[in-house]
Amino acid sequence: MVSDNSKSKEELILENRLLRDKLQIVENLQNEVGSSVANIESDEFRILLEAAINLGSSAELGTLMQEATDKIAQLTNIDTAAIYLLEEDYLYMGGMIPPLDPNFPEDFRWSKLDGHIHILKAIKSKEIVHVHDSKVEELTPVEKIIIENRALRSIWYIPIFTAEETLGVFIIASLHEIQTCTENQLELSRALANLVAIAIQQSLLHKKIEKKNEELRTTLLSIGDGVLSTDLNGNVILMNPVAERLCGYNISEAKGKPVTEIFKIYNPANREQLVDPVSKVLKEGKKVNLANNTILRSNEGKEYQIADSASPILNKDGVISGVVLVFSDVTSDYTLRDALKHSESRLRKAEILGGFGNWEIDLKTKTIIGSPGARHIYGVTESEFNLSLIQKMPLEEFRPKLDKALYDLIVEGKPYDLEFKLRRPDGEIRFVHSNAVYDKEKERIFGIINDITARKEVEAALKKSEERYREFFMKDLTGDFLSSVEGKVLDCNPSFLKILGYKSLKELQLYHATNFYKDPEDRAKLLQKIISERDVSHYEIDMIRSDGEVVNIIENVHGIFDENGNLTDMRGYLFDITYIKKVENDLLLAKERAEDADRLKTEFLAQMSHEIRSPLNAVLSFTGVLEDLLRGVKREETNICFSGIASASVASH
């Protein structure tokens, strides 16, 4: 917890000023009341003093407002009272008599200011606005609803303001009957409003201070470095948890003690105690950095290799009011430094294998050094790696871009981050990506370079592939689409738009996917099928074009699921089989008609056969008689005739 001593001088001055203002208001009120005591009832005087004491002792805004409402109701002996705070263009009801139910909805406490012309008038004029009789007064619709609902009759609007701003308004009112307030009561109400204005302002400022302190405290606790601050005498006033751990003291033990007793630093070579940086800062008045080989010894005897700095704390007038120490445990860093030396050879190999390297330019000497990886990318040896040669390698088309990037980095402080092509001494063209930072103090540019030739080749191939795919997508005769599970078409090709009769994807996206189905339930069924089967093929469905025409569609859909197995998107294609369906229906109709014709033909032939058989029977009978009469005298021609008649009879049957 941040102690009170950590508050800034400005915050303490502000708190003291608020306290003085509050006491001055009470004193002025007492003087004013004392000079006109004949006009003030003792009970009213007591109520007002109680209000001054109670309002001054609480910083909680809700308590303040309810206390103020209670007191103004007592002072005016009125039926009901309320207090509203002004929040830009809104009013917030903070207290009411009779008191509101604790469970009263928070949203109902708010209302727009422009609906309350009488409140607005009181706020602008900073004068009491009186509605003698609400039944005859012209009211806004909002005011009329509130006043009639609560049966308010005589109403007074008393503004609450300071010299700088208007904070809110008191509303006091009688119920059902017309009532009056004496001038004395109104004066007391104004006095109470002044007290409330100071109390509200103090409460709001108190909240701001609390918020600021909490933000500072959170920031301090979240810092990974140790932070310790002292006063002008070098005595500890604040430590964060990291500083407590490294020094071996908590703030309650260290507070008020000389920093030399808490922050003990030594030279690791001769183990001699070093001069504390706080005294040096107080003497020189500027920031001090410790040597890198400084040892901090904690109260428990533990030693830490630290890096730190000490800076003066300046007030608004630029005068030193203390010192802040910021230090961090770099013990592991020193251990890693030794390990790093052993890994340099592996790093060189990694640079070459990974196609990256680093370089550094000294602007004072106009020299450049490069790591093995950088030299490998440029295709030169260590002795050949010089600034003149390196500056000639970028292709001419990239030279202006590189010059501007260097100028922006050095002069403007802008980031150096660009891609360019270079030609190595062996003639090979390489595509590289380079980043750099500038150390203004040392006039050095440090950069890294990465050979991205292979990546660029892959990107070019991928782009070409994507272009081919996009061309295929756009020219595909089937309607390709990508749709969200919520029902929005995310992308589609022209064939999809043509099938459903829309001019553009933008127009299509104005509608939910269910609008495209003849039966909206069909999409829900399709979703369930995709969830269960993941892929749905040859799914026949009726859809609706933008002009209302029904089209027969076959959908093939692939479900896209997240890592939890939830369906997120769908992609697929559809094609219009309306014409095919029509042809199929026409063929079925033609088949049915052919079958009907064949049946009629069969029936006709059967009928005709019957009709033919009837006269042939008579002919056969006569033929039999004639054959008996001519028996013995028949010739060959006669026999042929009789045989033909017999055959015709058999065929007819």
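None of the values given here were measured: they were computed from a predicted structure.

Reading the values: rules and limits
- Residues numbered from 1 in each chain as written.
- Predicted model: local features only at pLDDT ≥ 70, side-chain atom pairs only at ≥ 80, totals over all residues.
- Heavy atoms only, no water.
- Helix = DSSP H or I, 4+ residues; strand = E, 2+ residues; numbered from the N terminus.
- Contact = heavy atoms within 4.5 Å.
- Areas by Shrake-Rupley, 256 points an atom, 1.4 Å probe, with all protein chains shown as cover.
- Pairing = 2+ DSSP bridges.
- Axes fitted to C-alpha atoms, helices over the stretch in contact; angles between N-to-C directions.
- Buried < 20%, exposed > 50% of the residue type's maximum accessible area, 1.4 Å probe, protein only.
- Polar contact = N/O pair within 3.5 Å; in protein donor to acceptor, adjacent residues only side chain to side chain.
- Core = buried A, V, L, I, M, F, W, Y, C linked by side-chain atoms within 4.5 Å.
- 1 Å grid on protein atoms, 1.4 Å probe; cavity = no way out; pocket = protein on both sides within 12 Å on 5 of 7 lines; lining within 4 Å.
- Points joined across faces, edges and corners; volume = space filled by probe spheres on them.
- Nonpolar A, V, L, I, M, F, W, Y, C, P; charged D, E, K, R; others polar.
- Salt bridge = Lys/Arg side-chain N within 4 Å of Asp/Glu carboxyl O.
- Expected span 1.5 Å × (residues − 1).

## Concerning the overall build of the chain
No. 1: Along the chain, the regular secondary structure elements total 21 helices and 23 strands.
No. 2: Look at the contacts in the chain between residues 6 or more apart in sequence, and 49% of them connect residues 24 or more apart.
No. 3: As presented, the chain carries roughly 39,000 Å² of accessible surface, and 54% of it is formed by carbon and sulfur atoms.

## Section: the sheet that holds strand 5 (residues 152–161)
No. 1: The strand order 3-2-1-6-5-4 describes an open sheet built from six strands, whose pairing is antiparallel. Since the sheet does not close on itself, it has two edges, and those belong to strand 3 (110–112) and strand 4 (129–131), each with one partner. Going from strand to strand, the sheet's axes swing by 25 degrees on average, the running direction of each strand aside.
No. 2: Bridge analysis of strand 2 (residues 90–97) against strand 3 gives three bridges, and the strand direction is antiparallel. Note that in strand 3 the partner of Tyr92 across the bridge is Trp110.
No. 3: Its contacts with the sheet put helix 5 (residues 141–150) on strand 1 (80–87), strand 2, strand 5 and strand 6 (166–175), and the angle it makes with strand 5 is roughly 120 degrees.

## A closer look at the pairing of strand 6
Side chains on a regular strand alternate between the two faces of the sheet.
No. 1: Among the ten residues that make up strand 6, nine are buried, leaving the element largely enclosed by the rest of the structure.
No. 2: When strand 1 meets strand 6, the two strands line up antiparallel, connected through six bridges. Counterpart to Tyr84 in the pairing with strand 6 is Val169.
No. 3: With eight bridges joining them, strand 5 and strand 6 adopt antiparallel strand pairing. Note on strand 6: the bridge partner recorded for Ile155 is Ala173.
No. 4: Two successive antiparallel strands, strand 5 and strand 6, enclose a turn made up of four residues.

## Notes on the side chain of Asp133
No. 1: Summarising the element assignment, Asp133 is placed in the loop between strand 4 and helix 5.
No. 2: A distance of 3.1 Å separates a polar side-chain atom of Asp133 from the backbone nitrogen of Lys135.
No. 3: The residues contacting Asp133, other than those within four sequence positions of it, are Arg153 and Ile178.

## Here we look at the nonpolar core
No. 1: Core analysis: the largest hydrophobic core is formed by 30 residues, its most contacted members being Phe170, Ile172 and Val196.
No. 2: Looking at this core, the elements that each hand over two or more residues are helix 3 (61–76), strand 1, strand 2, strand 5, strand 6 and helix 6 (183–222).
No. 3: The biggest single contributor to this core is helix 6, with eight residues.
No. 4: Ignoring any residue separated from it by four or fewer positions in sequence, one finds Ile172 in contact with Ile72, Thr76, Ile78, Thr80, Ala81, Ser154, Ile155, Trp156, Ile158 and Cys181.
No. 5: Cys492, Ala513, Ile553 and Met570 belong to the second-largest nonpolar core, a separate cluster that totals 26 residues.

## Some points on the layout of surface pockets
To find leftover empty space, one rolls a probe the size of a water molecule over the atoms.
No. 1: In this model, the second largest pocket occupies a volume close to 360 Å³.
No. 2: If you trace the second largest pocket, you find 20 residues lining it, with Ile361, Gln391, Arg399, Leu406 and Tyr416 closest to the centre.
No. 3: Of all the secondary-structure elements, those providing two or more residues to the lining of the second largest pocket are strand 14 (356–362), helix 14 (387–392), helix 15 (399–412) and strand 16 (416–423).
No. 4: Here the lining of the second largest pocket takes six residues from helix 15, the largest share from any one element.
No. 5: Across the lining of the second largest pocket, the residue classes tally to 16 nonpolar, two polar and two charged.

## Observations concerning the pattern of salt bridges
No. 1: Across all of its chains, the model carries 24 salt bridges by this definition.
No. 2: The salt bridge partner of Glu459 is Arg455, with a shortest N-O separation of 3.1 Å. Here the residue Glu459 and the residue Arg455 both occupy positions in helix 16 (residues 453–475), the gap between them amounting to four residues, near one helical turn.
No. 3: Note that Asp547 is salt-bridged to Arg545, the shortest N-O span being 3.5 Å.
No. 4: Bridged by salt links that share partners, the residues Arg424, Asp426, Glu428, Arg430 and Asp451 form one connected network.

## With respect to helix 3
No. 1: Look at helix 3: 23 Å from first C-alpha to last across 16 residues, which is about the 22 Å you get at 1.5 Å a residue.
No. 2: Restricting attention to buried positions, one finds in helix 3 the residues Leu61, Leu64, Met65, Glu67, Ala68, Thr69, Lys71, Ile72, Ala73, Leu75 and Thr76.
No. 3: Looking at the residues trailing helix 3, positive phi occurs at Asn77, about 55 degrees.

## Looking at the sheet that holds strand 18 (residues 444–451)
No. 1: If you trace the five strands from one edge of the open sheet to the other, you get 15-14-18-17-16, paired in antiparallel fashion. Strands at the two margins of the open sheet, each flanked by one partner only, are strand 15 (367–370) and strand 16. Geometrically, the sheet is characterised by an average inter-axis angle of 25 degrees between neighbouring strands, direction not taken into account.
No. 2: Helix-sheet contacts for helix 16 involve strand 16, strand 17 (429–439) and strand 18, and the interaxial angle to strand 17 is about 120 degrees.

What is shown is where atoms sit, not what they do.
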